Amino acid sequence: MDKKFMDFIKENIKEYLPDTFMDASVEIEETLKNNDLIRQGLMIRRRGEMITPKIYLEDYEKRYKKGESFEQILQEIAVLRVLLDCKDANLLPAIMDYASLKQNLIFSMCDPELNRKKMQEYVHIPCGKYAAMYRLVTMTQEVSVASMPITKEHLKIWKITEEQLYKDTIQAEKRRGFELMSSRELVKEIKSCYTDEPFEAANLLRNSENVPEDDSYVLSNRIRYFGAGAIMNNELLERISRLLGRDYFILPFSVHELLIFPDVGNQSQEELERRIWEINETENDPEEIFSYHAVFYDHDQKLLLPEKPNEKQHDGKKIEGNNYSPFPLLN
């Protein structure tokens, strides 16, 4: 980031904040994010605060370069900081209360090759080609989402093991619930956001009677936030296999969703990975890239495999016409 931009924000932001922030200190701190990306976080810490939200500045800098004024950007950052104010001097005891926090656990999927630095800092578990880290998520009434990655220091504070963390995250994910949607219907839902005719894609995990055969499917959690963690739920993967009645590929669409592509013998794993590569390079925000590698779910063995077995290379039952829908652009 441009140091002049960061310095200007840091030196002028308090002029746009309420008087209750006049004694606050203002700092900019580097943070290691997903895929080992470095982000610049603005921290406006009032006296006595033990926890302070970070406001990342990269998107604001892009908007400034496109012509937005400093005044508009400073006003928006100030409003956001006020909205993020917890107004609770006793947050530390709440963060230590693991019994009430564990319902907010969620898996954060990543590619180990892209996150070597981050995996040194945060608790994680291998998952074949991938790895799963852990986060605590919070949601406001306005359905905005914030999250915090889990470190080994958190485990010490909570006095739990990594095994307990894994079990509790699995249970939290199950309670939260999952969504499996037709790609075509999801595209309609996204487009309906810009029209006066609302449309909601059906959750095929609730209504499995009308599963379209010539489609791909998007899998996520109910909040559609870090929903790629659905791949950690073996019961869910087996259920999807029964719904489709066949093997399928799982494509790492982003950290928030997976693409389920039934294996009907018309595309190889390499071809599907080339499509994921294109989406990661042209559509996904670098921080939201999950991986460039697809995996295979074997319907007969009920196993998630890194590659499609050789004996199944020509066993796919082809659907005439190859009418599979294009990948939906969710971001």
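Bear in mind the structure is a predicted one, so any value in this text is a computation, not a measurement.

Trainee: Pulling in residues and values, what's your account of the overall build of the chain?
Mentor: Counting its regular elements, the chain contains 11 helices and 13 strands. Residues classed as buried in the chain amount to 45% of the 331 residues present. For the chain, the proportion of contacts with a sequence separation of at least 24, taken over those separated by at least 6, is 64%. Taken as a whole, the chain presents about 18,200 Å² of accessible surface, with 49% of it coming from carbon and sulfur.

Trainee: Describe the pattern of salt bridges, listing the residues and the values that go with them.
Mentor: Side chains bearing opposite charge may pair, as long as their charged atoms lie close to each other. Considering all chains together, one arrives at 22 salt bridges under this definition. Salt-bridge contacts for Arg-224 lead to Glu-179; the nearest nitrogen and oxygen are separated by 2.9 Å. Of the two residues, Arg-224 sits in the loop between strand E9 (217-221) and helix H10 (234-244) while Glu-179 sits in strand E8 (residues 178-182), which places them 45 residues apart along the sequence. On the basis of relative accessibility, which here comes to 32%, the residue Arg-224 falls in the partly exposed class. Close ionic contact of Lys-302 with Glu-238 constitutes a salt bridge, the shortest N to O distance being 3.3 Å. Of the two residues, Lys-302 is situated in the loop between strand E12 (295-298) and strand E13 (303-305) and Glu-238 in helix H10; the sequence distance between them amounts to 64 residues.

Trainee: Would you mind going over helix H2 (residues 58-65) in detail, with residue names and values included?
Mentor: For an α-helix, 3.6 residues make a turn, and residues three or four places apart therefore share a direction. Within the span of H2, buried status applies to Glu-58, Tyr-60 and Glu-61. Looking down the long axis of H2, one finds its buried residues gathered within 160 degrees of arc, a one-sided arrangement. Within H2, the exposed residues directed more than 90 degrees away from the buried face are Asp-59 and Lys-62. Looking one or two residues beyond H2, the residue adopting positive phi is Gly-67, at roughly 120 degrees.

Trainee: Help me get a handle on the sheet that holds strand E11 (residues 257-262), residues and values and all.
Mentor: Taken together, the six strands give an open sheet; going across it, the order is E8-E9-E11-E10-E12-E13, and neighbouring strands pair in antiparallel fashion. Of all strands in the sheet, those bounded by a partner on one side alone are E8 and E13. For this sheet, the mean inter-axis angle between neighbouring strands, taken without regard to orientation, is 30 degrees. Bridge count for strand E10 (residues 248-254) against E12 is three bridges, and the pairing is antiparallel. Each residue of the ladder has a partner; that of Ile-250, found in E12, is Val-295. Taken strand by strand, helix H11 (residues 269-282) contacts E10, E11 and E12, and its axis lies near 10 degrees from that of E10.

Trainee: So, the pairing of E12: which residues are in play, and what are the values?
Mentor: Residues in a regular strand point their side chains to alternate faces of the sheet. Because side chains alternate across E12, one face comprises the buried residues Val-295 and Tyr-297, and the other comprises Phe-296 and Asp-298, equally buried. As paired strands, E12 and E13 are joined by three bridges and run antiparallel to one another. For Tyr-297, the partnering residue across the bridge sits in E13 and is Leu-304.

Trainee: Requested: an account of the confidence of the model for the chain, with residues and values cited.
Mentor: With 87% of its residues at a pLDDT of 70 or more, the chain has an overall mean of 85. When the criterion is pLDDT under 50, residues 88-93 qualifies, and its contacts beyond four places in sequence or with other chains add up to three contacts. Low pLDDT, under 50, characterises residues 318-331; the predicted model gives this stretch 48 contacts beyond four residues in sequence or across chains.

Trainee: Give a description of the nonpolar core that names residues and reports values.
Mentor: Ranked by size, the top nonpolar core spans 44 residues in total, and within it Met-109, Leu-165, Leu-219, Ile-231, Ile-240 and Ile-260 carry the most contacts. A total of five residues in this core trace back to one element, the largest contributor, which is strand E6 (residues 130-139). What Ile-260 contacts, discounting residues up to four positions off in sequence, is Leu-180, Ser-216, Tyr-217, Leu-219, Ile-240, Leu-244, Tyr-248, Phe-249 and Ile-250. By size, the runner-up hydrophobic cluster in this structure holds 18 residues, among which are Ile-9, Leu-42, Phe-70 and Ile-73.

How each quantity is defined
Residues numbered from 1 in each chain as written. Predicted model: local features only at pLDDT ≥ 70, side-chain atom pairs only at ≥ 80, totals over all residues. Heavy atoms only, no water. Helix = DSSP H or I, 4+ residues; strand = E, 2+ residues; numbered from the N terminus. Buried < 20%, exposed > 50% of the residue type's maximum accessible area, 1.4 Å probe, protein only. Contact = heavy atoms within 4.5 Å. Areas by Shrake-Rupley, 256 points an atom, 1.4 Å probe, with all protein chains shown as cover. Salt bridge = Lys/Arg side-chain N within 4 Å of Asp/Glu carboxyl O. Arc of directions from axis to C-beta. Pairing = 2+ DSSP bridges. Axes fitted to C-alpha atoms, helices over the stretch in contact; angles between N-to-C directions. pLDDT = per-residue confidence, 0-100. Core = buried A, V, L, I, M, F, W, Y, C linked by side-chain atoms within 4.5 Å.

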